[in-house]
Amino acid sequence: MLLQRSILLPLLSPWRGHSTNKALMPRLSATLLGGPRSKSSLPDVKERTLVAVKPDGVQRRLVGQIICRFEQRGFKLVGLKMLQVSEELLSQHYCQLTQKPFYPSLVQYMTSGPVVVMVWEGHNVVQASRVMVGPTNPSAAQAGTVRGDFSLHVSRNVVHASDSLEGAEREIHLWFQGKELLKWDCWDQAITCEE
Ligand code: IDP
Ligand code: MG
């Protein structure tokens, strides 16, 4: 505990003397230093979305860079796993696309290797993730988006993100069991989002 204090308090020193941030200090230090905290004192942020790095993204070792973008933005990772997708799971995930002419090649692509599936939580995370990922067809994706930076063809677009609140809820339940999603407090939650 003493060691934690000596390491962490100097790191927090830039906040000292700022009246707006002073109010945050007890909460930040209590959370950082493992002291008492009230769960209800943290913002009640519950929106969640499903993001997946597709097999081409895993093969190209882009997992870290994609996670980094969501962390940098301020979202909270609450679930993460790597798996080989079954055709059964995929057909449920893409249930609206099974009649599309490209569906067989989509199945081949998505089952060609492991995927990394994540659940991210935070303010407006569903819409923000779609913007961060970029449009379905990378040809239309702007630089700065995941698809705009790392892909060039619609059949190999590196990443998935849920397209709506309802879609996110459905997909999260499809890919994750409740016990695989962790409830935890991010120490900086109160400085990345207004209560
Ligand atoms: P989204 O991934 O941006 O939500 P959807 O329309 O839901 O786009 O399509 C799901 C996935 O199906 C796409 O990400 C892409 O991998 C694949 N896909 C969509 N349209 C085509 C196509 O015209 N040709 C090949 N693959 C496609
Ligand atoms: Mg979609």
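In case you missed it, the structure is sitting above this.
Treat the numbers as computed from the prediction; the structure is a model and nothing was measured. (Residues numbered from 1 in each chain as written. Chains lettered and ligands numbered in written order. Predicted model: local features only at pLDDT ≥ 70, side-chain atom pairs only at ≥ 80, totals over all residues. Heavy atoms only, no water.)

Asker: Where do I start with the packing of aromatic side chains in this structure?
Answerer: Aromatic ring pairs: the centre-centre distance and the angle between the two ring planes describe each pair. In the structure shown here, the tally under the stated rule is one aromatic pair. Both rings, one in phenylalanine 70 and one in tryptophan 120, keep their centres 5.4 Å apart while their planes meet at 25 degrees; by these two values the pair is stacked. Here phenylalanine 70 is found in helix α5 (residues 63-73), whereas its partner tryptophan 120 is found in strand β3 (residues 115-121), with 50 residues between them in sequence. Comparing phenylalanine 70 with tryptophan 120, the two get one shared label, buried. When the ring centre of tryptophan 184 is taken as origin, the NZ or CZ atom of lysine 76, which lies over that ring, is 5.6 Å away. Just above the ring of phenylalanine 176 sits the side chain of lysine 81; from NZ or CZ to the centre is 4.6 Å. (Phe/Tyr/Trp six-rings, centres within 6.5 Å; stacked < 30°, edge-to-face > 60°. Helix = DSSP H or I, 4+ residues; strand = E, 2+ residues; numbered from the N terminus. Buried < 20%, exposed > 50% of the residue type's maximum accessible area, 1.4 Å probe, protein only. Lys NZ or Arg CZ within 6 Å of the ring centre and 35° of its normal.)

Asker: Please clarify how the pairing of strand β1 (residues 48-53) should be interpreted in this entry.
Answerer: Two faces, one strand: in a regular strand the side chains alternate between the faces of the sheet. Of all six residues in β1, five are buried; the element is thus mostly enclosed. Here six bridges tie β1 to β3, and the two strands are oriented antiparallel to one another. By the bridge assignment, threonine 49 is partnered in β3 with tryptophan 120. Summarising the sheet, β1 and strand β4 (residues 159-161) pair through three bridges and their orientation is antiparallel. (Pairing = 2+ DSSP bridges.)

Asker: Help me understand the pattern of salt bridges in this model?
Answerer: Where charged atoms of side chains with opposite charge meet at close range, the side chains can pair. Considering all chains together, one arrives at four salt bridges under this definition. A salt bridge links lysine 76 to glutamate 121, with the nearest nitrogen and oxygen atoms 3.5 Å apart. A residue pair is termed long-range when its members are at least 10 positions apart, and lysine 76 in strand β2 (residues 76-83) and glutamate 121 in strand β3 qualify at 45 residues. For the pair lysine 76 and glutamate 121, a shared accessibility class is recorded, and that class is buried. Between glutamate 180 and lysine 81 there is a salt bridge, and its shortest N-O distance comes to 3.0 Å. Placement of glutamate 180 in the loop between α10 (165-175) and α11 (189-192) and of lysine 81 in strand β2 is noted, with a sequence separation of 99 residues between them. For glutamate 180, a relative accessible area of 30% corresponds to the partly exposed category. Residue class for lysine 81 comes out partly exposed when judged on its relative accessible area of 22%. Taken together, the shared-partner salt bridges in this structure form one network comprising Arg48, Lys76 and Glu121. (Salt bridge = Lys/Arg side-chain N within 4 Å of Asp/Glu carboxyl O.)

Asker: Can you help me understand the nonpolar core in this one?
Answerer: Taken as a class, soluble globular proteins show a tendency for nonpolar side chains to be buried jointly. Ranked by internal contacts, the top residues of the largest apolar core, which has 23 residues, are Ile66, Phe70 and Trp120. Counting residues per element, the ones that place at least two in this core are β1, α5, β3, α8 (125-133), α9 (146-150) and β4. Top element by residues in this core is α8. It accounts for five residues. Excluding its chain neighbours within four sequence positions, the residues that come into contact with isoleucine 66 are Val53, Val146, Val158 and Val159. Residues Ala52, Leu90, Tyr103 and Val115 belong to the second largest nonpolar core, which totals 19 residues. (Core = buried A, V, L, I, M, F, W, Y, C linked by side-chain atoms within 4.5 Å. Contact = heavy atoms within 4.5 Å.)

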